[in-house]
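A closer look at the structure
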Amino acid sequence: MSLDSHMEKVLWTQDQILDRVTQMASQITRDFNAAPDPPLFVGVATGALLFFSDLVRRIQLPLSLDLVRSQSYGSGTLSNGAPSVSLDLKLDVKGKHVVLVEDIVDTGCTLSCLIAHLEAKGVSSVSICAFLDKPTRRKVPIKLVGDGKFYKGFECPDYFVVGYGMDFAELYRNLPYVGVLKPEYYE
């Protein structure tokens, strides 16, 4: 069984993804080059893990890494609108500049929940680094903290996408590209 046959179309190839990730890493390196303290990069598990790994390996700065897990999808294709933190950070973030690395910003509910969670822990600022952004689906405005910035990989059309870490029912994360899943595989 070929996973490629489950795709309606490919939106971004592996080469396009890695080129864009390299550009984002270069921008982040420039932006944080003069920062007095190393930033803390927090990957949002599980969807952002491939992007997180590719991104931080291309950033030419000292940095710290941690993971947080939030869930809002379950095994469906739509966010339930009530995200929760299901695995907290290991590192102390008080007074730190955090770069929250997310696979996709859709409604904004999960991201807003995570930003509020970090803010309550006393971060000095929060930047967002999202592989995909779906502004047409936004229900909650994204509020950055302190001098935070919003780094965006690609603007995603309103399709249900999988691959490069993103899944449907925990499947398809291993695809090296981002594709639109055929409806018969999720309906």
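Just so you know, the residues in each chain are numbered from 1, in the order the chain's sequence is written. For a predicted model such as this one, the threshold for reporting local features is a pLDDT of at least 70, and the threshold for listing and counting side-chain atom pairs is 80 or more; totals across whole chains, interfaces and linings nevertheless cover every residue. In computing side-chain properties, one takes all heavy atoms of the structure into account and sets aside hydrogens as well as water.

As annotated in an unreviewed UniProt entry, the chain carries the name Hypoxanthine phosphoribosyltransferase and is attributed to Hibiscus sabdariffa. UniProt positions are given in the numbering used here, feature names are shortened, and annotations may be inferred rather than shown by experiment. The UniProt entry for the chain carries this comment under Subcellular location (unreviewed entry): "Cytoplasm". UniProt annotates the chain under Catalytic activity (unreviewed entry) with the comment "IMP + diphosphate = hypoxanthine + 5-phospho-alpha-D-ribose 1-diphosphate".

As a general feature of sheets, a regular strand has side chains that alternate between the two faces. Categorising residues by exposure relies on relative accessible area from a 1.4 Å probe, with only protein chains included: less than 20% of the type maximum marks a residue as buried, more than 50% marks it as exposed, and the intermediate range marks it as partly exposed. Here a helix means four or more residues in a row that DSSP labels H or I, a strand means two or more in a row labelled E, and each is numbered from the N terminus. Counting buried positions along strand 2 (residues 40-45) gives six out of six residues, so the element sits mostly inside the fold. The alternating pattern of strand 2 places Leu40, Val42 and Val44 and Phe41, Gly43 and Ala45 on opposite faces, both of which are buried. Where strand 2 and strand 3 (residues 64-71) come together, six bridges link them in parallel fashion. By the bridge assignment for strand 3, Phe41 is matched with Leu65. Crossovers are marked right-handed if the path from the first strand over the helix to the second runs clockwise, as seen with the strands pointing away from the viewer. Regarding topology, helix 2 (residues 49-56) serves as the crossover connection from strand 2 to the parallel strand 3, and that connection is right-handed. Two strands pair under a simple rule: DSSP has to find at least two bridges between them. Sheet topology places strand 2 next to strand 5 (residues 97-105); four bridges connect them, and they run parallel. Bridge pairing in strand 5 places Phe41 opposite Val99.

A word on unusual backbone geometry. Comment: phi is negative for the bulk of residues other than glycine, and the bulk of peptide bonds are trans. In this model, Ala45 is joined to Thr46 through a cis peptide bond whose omega is 5°. Topologically, Thr46 is positioned in the loop between strand 2 and helix 2. Even without being a glycine, Ala169 presents a positive backbone phi close to 50°. Along the chain, the position of Ala169 falls in the loop between strand 8 (161-162) and strand 9 (178-181). Even without being a glycine, Tyr172 presents a positive backbone phi close to 80°.

Before going further, it helps to examine the environment of Lys139. Tracing the backbone through its elements, the reader meets Lys139 in the loop between strand 6 (125-133) and strand 7 (150-155). What makes Lys139 exposed here is its relative accessible area of 67%. In the structure, Lys139 is positioned 30 residues away from Cys109 in sequence and 7.3 Å away in space, judged by C-alpha atoms.

This paragraph deals with helix 3 (residues 109-120). Between the first and last C-alpha of helix 3 there are 17 Å, a value that for 12 residues agrees with the 16 Å anticipated at 1.5 Å per step. Of the residues making up helix 3, those classed as buried are Cys109, Thr110, Leu111, Leu114, Ile115 and Leu118. One or two positions beyond helix 3, positive phi appears at Gly122, with a value near 90°. Multiply 1.5 Å by the residue count of a helix minus one, and that product is the helix's expected span.

A pairing counts as a salt bridge when a side-chain nitrogen of Lys or Arg comes within 4 Å of a carboxyl oxygen of Asp or Glu. Under the counting rule described, the total for this entry stands at 10 salt bridges. Asp31 serves as the salt-bridge partner of Lys149, at 3.5 Å between the closest nitrogen and oxygen. Residue Lys149 is located in the loop between strand 6 and strand 7, and its partner Asp31 is located in helix 1 (residues 14-32); the two are separated by 118 residues in the primary sequence. Where salt bridges share partners, they join Asp54, Arg57 and Arg58 into one cluster.

For the rest of this paragraph, the subject is the sheet that holds strand 1 (residues 7-12). With antiparallel pairing, three strands are arranged side by side in an open sheet as 1-9-8. Where the open sheet ends on each side, the last strands, each with one partner, are strand 1 and strand 8.

A few words now on the pairing of strand 9. Strand direction decides the pairing type here: strand 1 and strand 9, joined by four bridges, are antiparallel. Across the sheet, Met7 pairs through a bridge with Leu181, a residue of strand 9. Across two bridges, strand 8 lies against strand 9 in antiparallel orientation. Looking across to strand 9, one finds that Val162 is bridged to Gly179.

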